[in-house]
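Here's the letter readout for the chains.
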Protein chains: 2
Amino acid sequence: MTNPENRPLTLRDVSEASGVSEMTVSRVLRNRGDVSDATRKRVLEAAKQLGYVPNKIAGALASQRVNLVAVIIPSMSNMVFPEVMTGISQVLEETDLQPVVGLTDYLPEKEEKVLYEMLSWRPSGVIIAGLEHSDASRAMLRASGIPVVEIMDTDGTPVDSVVGISHRRAGQQMAEAILKGGYKRIGFLGTKMPLDHRARKRFEGFTQALAKAGVEIADHEFYSGGSALVKGREMTEAILARSPDLDFLYYSNDKIGAGGLIYLWEKGVDIPNQIGLAGFNGLSLLKGLPLELASMDACRLEIGRRAAEIIAKRVEEDADTPEPSHIALEPTITYGDTLRRP
Amino acid sequence: MTNPENRPLTLRDVSEASGVSEMTVSRVLRNRGDVSDATRKRVLEAAKQLGYVPNKIAGALASQRVNLVAVIIPSMSNMVFPEVMTGISQVLEETDLQPVVGLTDYLPEKEEKVLYEMLSWRPSGVIIAGLEHSDASRAMLRASGIPVVEIMDTDGTPVDSVVGISHRRAGQQMAEAILKGGYKRIGFLGTKMPLDHRARKRFEGFTQALAKAGVEIADHEFYSGGSALVKGREMTEAILARSPDLDFLYYSNDKIGAGGLIYLWEKGVDIPNQIGLAGFNGLSLLKGLPLELASMDACRLEIGRRAAEIIAKRVEEDADTPEPSHIALEPTITYGDTLRRP
DNA sequence: GTGAAAGCGCTAACAG
DNA sequence: CTGTTAGCGCTTTCAC
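All of these numbers come straight from a predicted model, not from anything done at the bench.

Peer 1: Go over the pairing of strand 5 (residues 161-165) of chain A, please, and point to the residues and values.
Peer 2: Residue and element names in this part refer to chain A. Summarising burial for strand 5: five of the five residues are buried, a large majority. Burial of the side chains of strand 5 extends over both faces: Ser161, Val163 and Ile165 are buried on one face and Val162 and Gly164 on the other. Here three bridges tie strand 5 to strand 11 (residues 326-328), and the two strands are oriented parallel to one another. Its bridge partner being in strand 11, Gly164 is matched across the sheet by Ala328.

Peer 1: Account for the protein's contact with DNA strand D, with residues named and values stated.
Peer 2: Taken together, 24 residues surround DNA strand D, and among them Met23, Ser26 and Tyr52 of chain A together with Arg27 and Thr39 of chain B come closest. For DNA strand D, the fraction of atoms within 4 Å of the protein that belong to sugar or phosphate moieties is 65%. The side chain of Ser26 of chain A places a nitrogen or oxygen atom 2.4 Å from a phosphate oxygen of DNA strand D. Here a sugar or linking oxygen of DNA strand D and a side-chain polar atom of Gln64 of chain B are 3.1 Å apart. Secondary-structure elements contributing two or more residues to the surface near DNA strand D are helix 2 (22-30) and helix 4 (56-63) of chain A together with helix 2 (22-30) and helix 4 (56-63) of chain B. Residues that form the surface near DNA strand D fall into these classes: ten nonpolar, ten polar and four charged.

Peer 1: Which residues make up the UniProt feature "domain: HTH lacI-type" (unreviewed entry) in chain A, and what values go with them?
Peer 2: Under the UniProt annotation, the feature "domain: HTH lacI-type" (unreviewed entry) is placed at residues 9-63 of chain A. Between the C-alpha atoms that bound residues 9-63 of chain A there is a distance of 20 Å. The span itself is 71% helix and 0% strand.

Peer 1: I'd like a rundown of the protein's contact with DNA strand C, residues and numbers included.
Peer 2: Taken together, 24 residues lie near DNA strand C, and Arg27 and Thr39 of chain A together with Leu11, Ser26 and Tyr52 of chain B sit nearest. Taking all atoms of DNA strand C within 4 Å of the protein, the share assigned to sugar and phosphate is 67%. Between DNA strand C and Ser26 of chain B there is a distance of 2.4 Å, counted from a phosphate oxygen to a side-chain nitrogen or oxygen. Taking Ala58 of chain B, its main chain carries an N or O atom lying 3.2 Å from a base nitrogen of DNA strand C. Of all the secondary-structure elements, those providing two or more residues to the surface near DNA strand C are helix 2 and helix 4 of chain A together with helix 2 and helix 4 of chain B. Here the surface near DNA strand C gets four residues from one element, more than from any other, and that element is helix 4 of chain B. The class makeup of the residues in the surface near DNA strand C is ten nonpolar, ten polar and four charged.

Peer 1: Let's hear about the packing of aromatic side chains: which residues, and what values?
Peer 2: All names here are of chain A. For the structure on display, the rule yields 15 aromatic pairs over all chains. Summarising the aromatic geometry, the rings of Phe203 and Phe222 are spaced 6.1 Å apart at their centres and angled 80° between planes, so their arrangement reads as edge-to-face. Residue Phe203 is located in helix 9 (residues 197-212), and its partner Phe222 is located in strand 7 (residues 219-223); the two are separated by 19 residues in the primary sequence. Taking the relative accessible area as the measure of exposure, Phe203 reaches 24% and is therefore partly exposed.

Peer 1: Give me the lowdown on the nonpolar core, citing residues and values where you can.
Peer 2: Formed by 104 residues in total, the largest nonpolar core has its most connected members in Ile151 of chain A together with Ile151 of chain B. Filtering out sequence-adjacent residues up to four positions away, Ile151 of chain A remains in contact with Val84, Ile127, Ile128, Ala129, Gly130, Val163, Ile303 and Ala307 of chain A.

Peer 1: Describe helix 5 (residues 80-92) of chain B, listing the residues and the values that go with them.
Peer 2: Residue and element names in this part refer to chain B. Its 13 residues place the ends of helix 5 19 Å apart at the C-alpha level, agreeing with the 18 Å of an ideal helix rising 1.5 Å per residue. Burial runs high along helix 5: ten of the 13 residues are buried. Val80, Phe81, Pro82, Val84, Met85, Gly87, Ile88, Ser89, Val91 and Leu92 are the residues of helix 5 that are buried. At its buried positions, helix 5 is contacted by strand 1 (68-73), strand 2 (98-103), strand 3 (125-129), strand 4 (148-153), helix 9 (197-212) and helix 12 (300-317).

Peer 1: Describe the interface of chain B and chain A, and please don't skip the residues or the numbers.
Peer 2: Counting from both sides, the interface comprises 48 residues of chain B and, opposite them, 47 residues of chain A. For the pair chain B and chain A, the summed buried surface comes to about 4,500 Å²; carbon and sulfur atoms form 65% of the total. Linking chain B with chain A are four salt bridges, by the criterion used here. Two residues, Glu93 of chain B and Lys110 of chain A, come together in a salt bridge whose shortest N-O distance is 2.8 Å. Counting across the interface, chain B meets chain A through eleven residue pairs in polar contact (both at pLDDT 80 or more).

Peer 1: Tell me about the environment of Leu92 of chain B, and please be specific about residues and values.
Peer 2: Residue and element names in this part refer to chain B. Take Leu92: it is sitting in helix 5. Residues Leu92 and Val69, 23 residues apart in the sequence, show an inter-C-alpha distance of 9.0 Å. Once residues within four sequence positions are removed from consideration, Leu92 is found in contact with Val69, Leu97, Gln98, Pro99 and Ala308.

Peer 1: Provide a residue-level description of the sheet that holds strand 7 (residues 219-223) of chain B, including the pertinent values.
Peer 2: All names here are of chain B. With parallel pairing, four strands are arranged side by side in an open sheet as 7-6-8-9. Each edge of the sheet is formed by a strand with only one pairing partner; in this case those strands are strand 7 and strand 9 (276-278). Geometrically, the sheet is characterised by an average inter-axis angle of 15° between neighbouring strands, direction not taken into account. With four bridges connecting them, strand 6 (residues 186-191) and strand 8 (residues 248-251) associate as parallel partners. The partner of Phe188 across the bridge, within strand 8, is Tyr250. Most of the contacts of helix 8 (residues 167-180) go to strand 8, to which it runs at about 165°, and overall it touches strand 6, strand 8 and strand 9. Contacts from helix 10 (residues 228-242) reach strand 6, strand 7 and strand 8, with the element oriented near 150° to strand 7.

Peer 1: Got a sec to walk through the relation of the copies chain B and chain A? Specific residues and values, please.
Peer 2: Note on the copies: chain B fits chain A at an RMSD of 0.1 Å, the axial shift is 0.0 Å, and the rotation between them is 180°. Here the symmetry operator amounts to a two-fold rotation axis. Proximity to the rotation axis, assessed at the C-alpha, singles out Ile57 of chain B in chain B; its C-alpha lies 2.8 Å from the axis. Of the interface residues in chain B, 98% have counterparts in chain A that sit at the interface too, so the contact is made through matching surfaces.

Peer 1: Quick rundown of the pairing of strand 3 of chain B? Include the residues and the values.
Peer 2: Residues and elements named next belong to chain B. When you tally the buried positions in strand 3, you get five out of five residues, the bulk of the element. Residues Gly125, Ile127 and Ala129 of strand 3 are buried on one face, and the alternating residues Val126 and Ile128, pointing to the opposite face, are buried as well. As paired strands, strand 1 and strand 3 are joined by four bridges and run parallel to one another. Bridge pairing links Val69 to Gly125 in strand 3. Bridge count between strand 3 and strand 4: four bridges; the pairing is parallel.

Peer 1: I'd like a rundown of the environment of Ile72 of chain B, residues and numbers included.
Peer 2: Residues and elements named next belong to chain B. In this structure, Ile72 sits in strand 1. By relative accessible area, Ile72 is classed as buried at 1%. Sequence separation between Ile72 and Leu283 is 211 residues; the distance between their C-alpha atoms is 22 Å. Ignoring any residue separated from it by four or fewer positions in sequence, one finds Ile72 in contact with Gly102, Thr104, Glu111, Val114, Leu115, Met118, Val126, Ile127, Ile128 and Ala129.

Rules behind the numbers
- Residues numbered from 1 in each chain as written.
- Chains lettered and ligands numbered in written order.
- Predicted model: local features only at pLDDT ≥ 70, side-chain atom pairs only at ≥ 80, totals over all residues.
- Heavy atoms only, no water.
- Buried < 20%, exposed > 50% of the residue type's maximum accessible area, 1.4 Å probe, protein only.
- Helix = DSSP H or I, 4+ residues; strand = E, 2+ residues; numbered from the N terminus.
- Pairing = 2+ DSSP bridges.
- Near = heavy atom within 4 Å.
- Polar contact = N/O pair within 3.5 Å; in protein donor to acceptor, adjacent residues only side chain to side chain.
- Nonpolar A, V, L, I, M, F, W, Y, C, P; charged D, E, K, R; others polar.
- UniProt positions renumbered as here; feature names shortened; annotations may be inferred.
- Phe/Tyr/Trp six-rings, centres within 6.5 Å; stacked < 30°, edge-to-face > 60°.
- Core = buried A, V, L, I, M, F, W, Y, C linked by side-chain atoms within 4.5 Å.
- Contact = heavy atoms within 4.5 Å.
- Expected span 1.5 Å × (residues − 1).
- Buried area = accessible area lost by both parts, 1.4 Å probe.
- Salt bridge = Lys/Arg side-chain N within 4 Å of Asp/Glu carboxyl O.
- Axes fitted to C-alpha atoms, helices over the stretch in contact; angles between N-to-C directions.
- Least-squares fit on C-alpha atoms with pLDDT ≥ 70 in both.

Take a look at the structure:
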């Protein structure tokens, strides 16, 4: 407010303005230790009057503590991660920890860079999507000496703690449900991205479970980039033009599934009898469609919450129990209107 | 890698391991000043070997420079802001600046808190959504002495720079287009949130332009929370049950518009003749619908890019030209298949 | 309850 | 090209 030279204000300015030692000012501003009400009041007044904002950089350097939690995820436009973030925020809001997000675009090199950048701010913990990281990244995580929670996926070996679901099993379960529904000629539509390990694992689990029943995927279609809804339409049209005898389409995510569903609905196709459909994620948008798309909940919110809880707990307890938590959540199938029940 | 005591490594460790002074190690690690290739190599090797990650906290304190740009936005699940972020990231990636996101949930108190928190890290600049802030927030922004860019909206008085569109005018233009399309009985469907100032301004501009033509909104419906697609369906059903004679529905965002569109399409309503529809934002999902919803581009990516450019430029040039930029972008109408052209 | 001194790990500024 | 000296603005620790 009153800052004529426009020089960042320091504790000393507040000290001088209030006539209280820097040390006591610091105590007041952090609510630490006993300070008389009179002094406290004078300090608070001076601080507000000046418009003082503490310098966390100096504070962090002196105290060797940073109330930041690095959250490293592939993307924010995926619909999945905003919800994970919500879970993380919900939990961290009750602590004095703050999430800081870094985006990787599914690129290992970028993940490495972002991780390096974030670790250089010495956060109190790291929440990072996936179990697949470059050797350098894994080394940094281990060397950091702070709690690390890998999220989303449990199919692999974590550096420290892990919270997620088994995408391989998710793919298997969907395959089993589809077979039980009596479908035989199954098409798969998914993302081309070879770096989306979770989509890949679902695909693997899916084909594997089909194989166990002697069924093979009849056709498949992959995409990359663009609006998922549009791609869903286009791929559906393409795969059915090529293989008109398909009786089920399994989409690797709900958005392309929704696009396909709208397309088929337009065409007047009898769903789920002529063709059944399923997606993945359990997005709430599915309920706004003409038919509710079958899907599978990915436990996004819960994963975020659990991960944050692990970090928060470790930060509190500090030194002791460096026992890693390994939490595997159980996704559930929604049949909706597009997958015949057994 | 080789960090037995698990104590954070320091420059001194690298210095000792390489037999080079701390200062020179620092120079190598920052690519600053001339260092002989031999020394550089020794340092780099030692650093990598130890798995050293520089401490930016100490660096920032010493250099009084922080390569962070605070980005303060209401939400990440809005579809709008991820795209703004993309624009910001694109530009900042070419600099050594890094965006750090803070979320406000459209709450002024939360905005104030987040802003305080971020400013206490002394970022190089602030990009903040909207022009409406608490007095305290505005005071902090002004007192911070760093470049501030308010984004999304140009209807108001910025603290420093601003990049956005006029939402009031956007509402007006849509009203004019609707009238020119020959529609008379117009319904409005939107968010209840009184804190979404941009939606409010669009509504105001909309009604105002209608009024100028002697038309009044025939009915309206507001919602809050829940899946936008679902809400769009429900509100559309509700408003038409109440006012079956409406010939146009203007939705305050594309998602609820899409929900309404799907609902009406299901019902077999003749769009755009029996009823016309329009949304707002120009989301790419619109092209995946049975009909393309009329909408208006909000210039999200461009806003992000421009804002980041302003910050980047100011950080480079430093002291001079503290001349604020005021950039008003021009949104364009998409008629799609749901709004009759004049 | 309050204050003084000594750093936190790095970099600016200068000296060689 | 390399090294030395002083801090950056806070908090820790200990004294009063």
